[in-house]
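Structural description and commentary
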Amino acid sequence: MKTALLLLATAAFAQRVPVEPPLRPLQLVEGYLLFDVVFHEQVNKQRRALMFFLDLALKLKRTLVLPRARVLRRTNLRGGFDPKAEFVRMGELLNLSALRQLHPVMELEDYLAEHAEFDQHTSMGHGGCVSNDAPSTVEFSGLQVRAVKSTCEPMLPHQLPAMIKLHHVKSIAFSQSVNQMHPAQAIQLRPWVRFEQGVYDAAAAFVAKTFGTEPFVAIHWRRTDFLTARQTQPGVLQSPAELMRHARALMKQHGVTRVYLATDNTDGGEMARVNAGLQPTRLEPPAEAAESLRARAVHANVEIAICAMADYFLGTQTSSFSLAITEERQAVFGHAAATGAEMGLLPSPNQPPSPPSPPSPPSPRLPASPPQTQATAVSPMARIAEGGRFLLFD
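All of these numbers come straight from a predicted model, not from anything done at the bench. (Residues numbered from 1 in each chain as written. Predicted model: local features only at pLDDT ≥ 70, side-chain atom pairs only at ≥ 80, totals over all residues. Heavy atoms only, no water.)

Quick look at the overall build of the protein chain
Each helix and strand counted, the protein chain has 13 helices and 15 strands in total. Counting all 394 residues of the protein chain, 46% fall into the buried class. For the protein chain, the share of sequence-separated contacts (at least 6 apart) that also reach a separation of at least 24 residues comes to 76%. (Helix = DSSP H or I, 4+ residues; strand = E, 2+ residues; numbered from the N terminus. Buried < 20%, exposed > 50% of the residue type's maximum accessible area, 1.4 Å probe, protein only. Contact = heavy atoms within 4.5 Å.)

Structural notes on the pairing of strand 14 (residues 312–316)
For a regular strand, side-chain orientation follows a simple rule: the groups alternate between the two sheet faces. Burial runs high along strand 14: five of the five residues are buried. Neither face of strand 14 is left uncovered, since the one carrying Tyr312, Leu314 and Thr316 and the one carrying Phe313 and Gly315 both have all their residues buried. Direction of pairing for strand 12 (residues 216–221) relative to strand 14: parallel, over a ladder of three bridges. Paired with alanine 218 across the strands is phenylalanine 313, a residue of strand 14. In the sheet, strand 14 pairs with strand 15 (residues 340–343) via four bridges, with the strands oriented parallel. Note on strand 15: the bridge partner recorded for leucine 314 is alanine 341. Viewed along the sheet, the connection from strand 14 through helix 12 (residues 320–332) into strand 15 turns out right-handed. (Pairing = 2+ DSSP bridges. Right-handed = clockwise from strand over helix to strand, strands pointing away.)

A word on the packing of helix 9 (residues 240–254) against helix 10 (residues 268–278)
Here helix 9 crosses helix 10 at 20°, and the two axes come no closer than 10 Å. On the basis of the axis angle, helix 9 is roughly parallel to helix 10. Remark: the crossing between helix 9 and helix 10 carries right-handed chirality. Of helix 10, the residues touching helix 9 (which contributes Pro240, Leu243, Met244, Ala247, Arg248 and Met251) are Glu270, Arg273, Val274, Gly277 and Leu278. Considering only residue class, the contact of helix 9 with helix 10 consists of seven nonpolar, one polar and three charged. (Axes fitted to C-alpha atoms, helices over the stretch in contact; angles between N-to-C directions. Parallel < 35°, antiparallel > 145°, perpendicular 65-115°, else oblique. Left-handed = near helix turned anticlockwise from the far one by under 90°. Nonpolar A, V, L, I, M, F, W, Y, C, P; charged D, E, K, R; others polar.)

Concerning the sheet that holds strand 10 (residues 150–152)
Here we have six strands laid out as an open sheet, ordered 5-2-1-11-7-10, and parallel in their pairing. Two strands bound the open sheet, and with one partner strand each, they are strand 5 (105–107) and strand 10. Neighbour to neighbour, the strand axes of the sheet diverge by 25° on average, direction disregarded. Alignment of strand 1 (residues 32–37) against strand 11 (residues 171–177), held across five bridges, turns out to be parallel. The residue bridging leucine 34 from the neighbouring strand is alanine 173, located in strand 11. Contacts from helix 2 (residues 43–60) reach strand 1, strand 2 (63–66) and strand 11, with the element oriented near 160° to strand 1.

Some remarks on the state of the cysteines
Applying the stated criterion across every chain yields a total of one disulfide. Note on cysteine connectivity: cysteine 129 is disulfide-linked to cysteine 152, with sulfurs 1.8 Å apart. What sets the handedness of the cysteine 129 and cysteine 152 disulfide is the S-S torsion sign, and at about -95° it is left-handed. Of this pair, cysteine 129 sits in the loop between strand 7 (120–123) and strand 8 (136–140) while cysteine 152 sits in strand 10, and the two are 23 residues apart along the sequence. On the basis of relative accessible area, cysteine 129 is assigned to the partly exposed category, the value being 27%. For cysteine 152, a relative accessible area of 26% puts it in the partly exposed group. (Disulfide = S-S within 2.5 Å.)

Concerning the side chain of asparagine 265
On the secondary structure map, asparagine 265 appears in the loop between strand 13 (258–263) and helix 10. The buried category is assigned to asparagine 265, whose relative accessible area is 10%. In this structure the side chain of asparagine 265 is engaged in a polar contact, spanning 2.8 Å, whose partner is the backbone nitrogen of aspartate 267. In this structure, asparagine 265 is in contact with Trp221, Arg223, Glu270 and Met271, ignoring residues within four places of it in sequence. (Polar contact = N/O pair within 3.5 Å; in protein donor to acceptor, adjacent residues only side chain to side chain.)

Concerning the nonpolar core
In this structure, Leu50, Phe53, Leu54, Leu64, Leu66, Met163 and Tyr260 are the most contacted members of the largest nonpolar core, which totals 66 residues. Ignoring sequence-local partners within four residues, the contact set of tyrosine 260 consists of Phe206, Phe211, Phe216, Val217, Ala218, Ile219, Thr281, Arg282, Leu283, Glu303, Ile306 and Cys307. (Core = buried A, V, L, I, M, F, W, Y, C linked by side-chain atoms within 4.5 Å.)

Focus on the confidence of the model for the protein chain
This prediction gives the protein chain a mean pLDDT of 87; 84% of its residues lie at or above 70. Scored below 50 in pLDDT, residues 1–11 shows one contact in the model against residues more than four places distant or in partner chains. Ignoring residues within four places in sequence, the model shows residues 357–384, a span with pLDDT below 50, making 37 contacts including any to other chains. (pLDDT = per-residue confidence, 0-100.)

Focus on the sheet that holds strand 13
Taken in spatial order, the four strands make up an open sheet running 13-12-14-15, and their pairing is parallel. Strands at the two margins of the open sheet, each flanked by one partner only, are strand 13 and strand 15. When the angles between neighbouring strand axes are averaged without regard to direction, this sheet yields 20°. Across the sheet, helix 11 (residues 293–309) touches strand 12, strand 13 and strand 14, and the angle it forms with strand 13 is around 150°.

Shown next as C-alpha cells:
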C-alpha cells in the first residue's frame with residue numbers, strides 16, 4: 001500500500017517538472033529576421049508572434065532577432081492601455097538557452113550593438129506607411145533605428161517564395177505585426193519556447209508549499225474586459241455560480257478537493273461568493289507589481305506555470321491566457337490533452353453539468369479541439385475558429 005502511494009505521488013510530482021525539450025540538430029543560418037508587433041498586443045500574444053516568426057526563420061534559415069517585450073498598463077475595463085509602455089529584454093521573460101536548442105536567436109539590443117541598422121524595414125500596417133528607397137530612421141520596439149530601405153508589404157511574411165528571393169538582403173525587419181500562429185502549429189514549437197527558469201522555480205515552490213503531493217484543479221476565470229468584449233458570445237462568460245458548478249463537477253469526477261484560481265476579477269462580491277464556495281488558493285502578486293509592469297508580467301507567467309502543473313485545468317474560451325496554459329501543460333509539462341478543458345454552456349441548474357467529453361486522440365503534439373459541455377448550434381464565430389483562418393483589420 002505504501003509503495004503504491006509512493007508511486008502515485010512520484011507520478012504526480014513528475015507532471016510538475018518541465019520536460020526537457022527534444023534534441024534536434026541546428027541548421028546553418030545566414031542573415032537575420034527581425035519583428036515587432038503592434039502596440040496593443042499583450043505579452044502572451046507577443047509570444048505567439050514570436051512563434052510565427054520563429055517558424056518563418058526556420059524556413060528561411062535566418063537568425064531570429066527577438067524584440068524587447070512591451071508590457072502595457074490597462075487604463076480601463078474596455079481594453080484601453082496607457083501609451084507609456086515598459087520594455088523588457090525578452091531574455092528576462094523567456095529561456096533563450098532552450099530556444100537556441102531549436103534555432104539560433106539573439107536579442108535586439110545585441111543585434112544593434114553589432115549592426116546598428118536594418119537592410120530592409122517592412123511595415124505590415126495598413127495606414128500611414130511610406131515606402132522609401134533612401135535610408136531613414138524608423139521606430140522599432142520602442143527604439144529609433146536606421147533602415148537602409150523601407151517598404152509597405154503587409155502580406156510579405158506569408159509569401160514564402162517571395163521571402164526566399166530576398167536571400168541577398170542580409171537583415172529584414174517587420175514591424176506592426178498582428179501575426180498569430182494557429183495552436184495546432186504553435187504547440188509543435190512550444191517545447192522550446194518556455195519561461196526563464198526562475199518562473200518555474202517560483203511556481204514549484206508555491207505548489208510544493210500549498211499542495212504538497214495532493215492533486216489539485218487549476219481554473220483560469222477571465223472577467224474585466226471580457227464582460228464587454230465577450231458579452232454576446234455564448235459560453236465565454238461564467239458567473240460565480242456557473243464557475244463553481246464547472247469546478248465541482250470536475251472535482252467530483254476525479255476525487256479532487258483542492259483548487260487554484262487565476263483570475264483578473266476585481267468584483268469583491270463575486271470573489272466573496274467564489275471564495276466561500278470553493279475556498280480556492282491564489283498566488284498574491286508581489287508588492288513591486290503595483291509599480292513595475294515587468295514584475296506584473298513575471299507574476300502572470302508564474303500563474304501560467306502553476307496552472308500548467310495542476311492535475312486538471314479549466315480555462316476561459318477565447319482567452320490567450322488560457323491558451324498559453326493549455327499549451328504549457330501539454331508541450332512543457334507533458335500533461336495529456338484530456339486533462340484540460342474550457343468552460344462552456346451549462347445545462348439547466350437542476351441538472352449537474354456533464355463532465356467534459358474526452359477529445360479525439362490528437363496527432364503527436366497537436367492540441368485537441370476543446371470539448372463542448374452542451375451541443376449548440378454552430379455560430380459564425382465558431383465556424384471561423386474551426387477553419388483556422390482569420391481576417392484582421394484596423
